[in-house]
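# Architecture and fold: a report
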Amino acid sequence: MAGRAALAENAGMGDEPIRVTVWGEGRHEKRDANVRELYPDGMHATIAAGIASQAGSAVTVRCVALDDPGQGLPAEVLDSTDVLTWWGHIAHDEVSDDLVDRVQEAVLAGMGLVVLHSGHWSKIFKRLMGTSCALRWRNGDDRELVWTVDPTHPVAAGVPSPISIPSQEMYGEFFDIPAPDELVFVSSFTGGEVFRSGCAWRRGRGRVFYFSPGDQDYPVYHHPDVRRVIANAAVWAAPAGPRSSTPIAYAAPDWFVGS
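Here's what I pulled together on the structure shown here. (Residues numbered from 1 in each chain as written. Predicted model: local features only at pLDDT ≥ 70, side-chain atom pairs only at ≥ 80, totals over all residues. Heavy atoms only, no water.)

### Thoughts on the pairing of strand β7 (residues 182-189)
- Strand direction decides the pairing type here: strand β5 (residues 136-148) and β7, joined by 5 bridges, are antiparallel. Bridging from a neighbouring strand, L145 pairs with S188 of β7.
- Note that β7 and strand β8 (residues 194-203) share 5 bridges and pair antiparallel. Note on β8: the bridge partner recorded for S188 is V194.
- The turn joining β7 and β8, which pair antiparallel and follow one another in sequence, is formed by 4 residues; a positive phi near 95° is taken by G192. (Pairing = 2+ DSSP bridges. Helix = DSSP H or I, 4+ residues; strand = E, 2+ residues; numbered from the N terminus.)

Printed below as a string of structure tokens:
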């Protein structure tokens, strides 16, 4: 498959596959029958299957959940993760501040982070953005068109413009985030709203990508084009080499004399 070959070529870890950990809240599937029908193995399992199907041998993928030991990310799991994807919605406050600290440290040291949909209100995303990350929303069985505004970006590779999602929750501006380092996708909705739906940042040595499509009440994570974007984002966010805890050095120019 040409798409898989392109993903593998863009992978940053050389001959070794990118180790992707898909973190999911795992609560809606347990309490809501409609979500369980759409995602019988859990939303995180569907997201993981999409990454694996699109990226092929460029990645290895595992799933973890909030109710797993260590909230899914004990040290041995986080330390062996090149890229972490994050979906949460109703249990943001249950994520421990200690885990947020450790994930932040991992991102600053080079781990990639892909935040999905309602993960915009997760503790880790707000921590890395430094803003409220609030937005407008309407759950009205809306149609979303995801427009590519930077077709040269690796996350947009092989992605049609627009991606048409027949049924989805509306996310709209203003989205209280720092200006993205790179804006890749903008969405429009039948109510006339627009939204910066695919945004990239660099934090320390790590890369962060936010992609908004994916409400639990709709089968969005089965959509092949959405899966392609998430797989592209996982490959783009992968570190170019081993994770480093050493701060990025600042070398003063020769002419600088401090006092």
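### Quick word on the nonpolar core
- Counting 40 residues, the largest nonpolar core has F185, F209, F211 and Y221 as the members making the most contacts within it.
- Elements that contribute at least two residues to this core include exactly β1 (18-24), α4 (43-55), β3 (83-87), β4 (112-116), β6 (163-172), β7, β9 (206-211) and α8 (224-237).
- Sorting elements by how many residues they give to this core places α8 first, with 9 residues.
- When sequence neighbours within four positions are dropped, the list of residues in contact with Y221 reads Y39, M43, T46, I47, W87, L116, H117, P213, G214, V226, R227 and I230.
- In this structure, V64, L66, L73 and V115 belong to the second largest nonpolar core, which totals 34 residues. (Core = buried A, V, L, I, M, F, W, Y, C linked by side-chain atoms within 4.5 Å. Buried < 20%, exposed > 50% of the residue type's maximum accessible area, 1.4 Å probe, protein only. Contact = heavy atoms within 4.5 Å.)

### Some details on the sheet that holds β5
- Read across the sheet, 9 strands follow the order β2-β1-β3-β4-β9-β8-β7-β5-β6 without closing on themselves; strand pairing throughout is mixed. Since the sheet does not close on itself, it has two edges, and those belong to β2 (59-65) and β6, each with one partner. With direction set aside, neighbouring strand axes in the sheet form an average angle of 25°.
- The strands touched by α8 are β1, β2, β3, β4, β6, β7, β8 and β9; relative to β9, the strand with the most contacts, the crossing angle is about 165°. (Axes fitted to C-alpha atoms, helices over the stretch in contact; angles between N-to-C directions.)

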